[in-house]
Amino acid sequence: MIFAIPMLMIAAIYAGAALLPAYFLMRYIYRMDKIEKEPMRLLFALAGMGIIAAAISSVVEGIGISALGMFVEENSRAYIILLAFIVVAAVEEGAKLLLLKRRTWNELNFNYRFDGIVYAVFVSLGFAAIENLNYVMGYGLSVAPMRAILAVPGHMGFGVFMGVFYGRAKVCDLRGDANGRKENLVCAYLSSVLLHGFYDACVMMGTALSTVIFVVFVIVMYIWITRLIKRESAGDMPVYQ
């Protein structure tokens, strides 16, 4: 019993270090939803969808990695690029979008365009939170600061781009524009996959050049998504207009 309290405190510290970055980013997106706040029950459900997406992705990625190794030499440049884009990014963003659409497409509260960003980001950050928890519990607190700066905001960035197009797809759907709906849903998926894939490919390459490119990419993406969030928040409008 004497050792139980310190162990619980250590576990709480690890969990806090892993989960707080996602919480603060969720809070930021929630506050940027100026016109009509989304109900907490829905937001918790979306974070849960992100956790489910992470579980699905881990299984599918395992299969993808095994299949990729049968056709491409491991640790080659082609292997790394295919792993980053086709196995990791395509699977993870696909799982996120699939569960996002399943939970929110017919949601009555989905009545403003910025809601698409809120929903996509909450799914992405639910994914990032459980992924981050696994990393911190597995590798220790030493990985927490860099993941809080890079990995968790990275997932939010992918979610913002997905959410922008997702909201536009909803507008097109309500206007009876089937082609516009399909095009925006495709863009929601591809934009997040391309950003995620490029992010992961730079990290996986591990060269000096890829590290420099990665740093520049992250800075540009963070500036871009911050401006995009502010612009979409300020110009928010009902999806039925």
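Residues numbered from 1 in each chain as written. Predicted model: local features only at pLDDT ≥ 70, side-chain atom pairs only at ≥ 80, totals over all residues. Heavy atoms only, no water.

J.: Mind showing me how you'd approach the overall build of the chain here?
T.: Within the chain one finds eight helices and zero strands. Reading the helices (α) and strands (β) of the chain from amino to carboxyl end gives α-α-α-α-α-α-α-α. In terms of overall dimensions, the chain is globule-like: its C-alpha atoms have a radius of gyration of 19 Å, near the 18 Å expected for 241 residues. Dimensions of the chain, computed from the C-alpha atoms along their principal axes, are close to 55 × 55 × 30 Å. Of all 241 residues assigned to the chain, the portion counted as buried reaches 48%. A separation threshold of at least 6 residues defines the contact pool for the chain, and within that pool the share at least 24 residues apart is 80%. Total accessible area on the chain is roughly 12400 Å²; 70% of this is exposed by carbon and sulfur atoms. (Helix = DSSP H or I, 4+ residues; strand = E, 2+ residues; numbered from the N terminus. Rg over C-alpha atoms; globule rule 2.2 N^0.38 Å. Buried < 20%, exposed > 50% of the residue type's maximum accessible area, 1.4 Å probe, protein only. Contact = heavy atoms within 4.5 Å. Areas by Shrake-Rupley, 256 points an atom, 1.4 Å probe, with all protein chains shown as cover.)

J.: Got a minute to help me understand the pattern of salt bridges in this structure?
T.: Two side chains of opposite charge can pair, provided their charged atoms sit close to one another. As enumerated under the stated definition, the model contains eight salt bridges in all. A salt bridge links Asp173 to Arg181, with the nearest nitrogen and oxygen atoms 3.4 Å apart. With a relative accessible area of 29%, Asp173 lands in the partly exposed category. The shortest N-O distance in the salt bridge between Glu232 and Arg231 comes to 3.0 Å. Sharing partners across several salt bridges, the network here consists of Arg113, Arg168, Arg231 and Glu232. (Salt bridge = Lys/Arg side-chain N within 4 Å of Asp/Glu carboxyl O.)

J.: Where do I start with helix 6 (residues 151-174) in this structure?
T.: Turn by turn, an α-helix covers 3.6 residues, leaving residues three or four places apart pointing in a common direction. Relative to the 34 Å expected for 24 residues at 1.5 Å per residue, helix 6 spans 35 Å between its end C-alpha atoms, a close match to the ideal helical length. Of all 24 residues making up helix 6, 21 are buried, and the element is well covered by its neighbours. Just past helix 6, the residue Gly176 takes up positive phi, approximately 80°. (Expected span 1.5 Å × (residues − 1).)

J.: Explain a positive patch on the surface here, please?
T.: A cluster of basic residues, Arg27, Arg31, Lys34 and Lys37, forms a positive patch on the protein surface. Mapped onto the fold, Lys34 is located in the loop between helix 1 (4-32) and helix 2 (40-71). (Patch = residues over 30% accessible without salt bridge, like charges linked within 9 Å, V, L, I, M, F, W, Y side chains within 5 Å. Lys, Arg positive; Asp, Glu negative; His and termini not counted. Charge placed at Lys NZ, Arg CZ, Asp CG, Glu CD.)

J.: I'm lost on the packing of helix 4 (residues 114-139) against helix 6 in this one. Help?
T.: In helix packing, the relevant descriptors are the interaxial angle and the interaxial distance, both defined with respect to the helix axes. In contact at an axis separation of 7 Å, helix 4 and helix 6 are set at 155° when each is read in the N-to-C sense. Put simply, helix 4 runs roughly antiparallel to helix 6. Judged by the sense of rotation from one axis to the other, the crossing of helix 4 with helix 6 is right-handed. Contacts from Gly116, Ile117, Ala120, Val121, Ser124, Leu125, Phe127, Ala128, Glu131 and Asn132 of helix 4 reach helix 6 at Val152, His155, Met156, Gly159, Val160, Met162, Gly163, Val164, Tyr166 and Gly167. Of the residues belonging to the contact of helix 4 with helix 6, the class tally is 12 nonpolar, seven polar and one charged. (Axes fitted to C-alpha atoms, helices over the stretch in contact; angles between N-to-C directions. Parallel < 35°, antiparallel > 145°, perpendicular 65-115°, else oblique. Left-handed = near helix turned anticlockwise from the far one by under 90°. Nonpolar A, V, L, I, M, F, W, Y, C, P; charged D, E, K, R; others polar.)

J.: Hey, could you run me through the environment of Leu133 in this one?
T.: As for its position among the elements, Leu133 is in helix 4. Expressed as a C-alpha distance, the spacing of Leu133 and Met204, which sit 71 residues apart in the sequence, is 21 Å. Those residues in contact with Leu133 that lie beyond four places of it in its chain are Ala15, Ala18 and Leu19.

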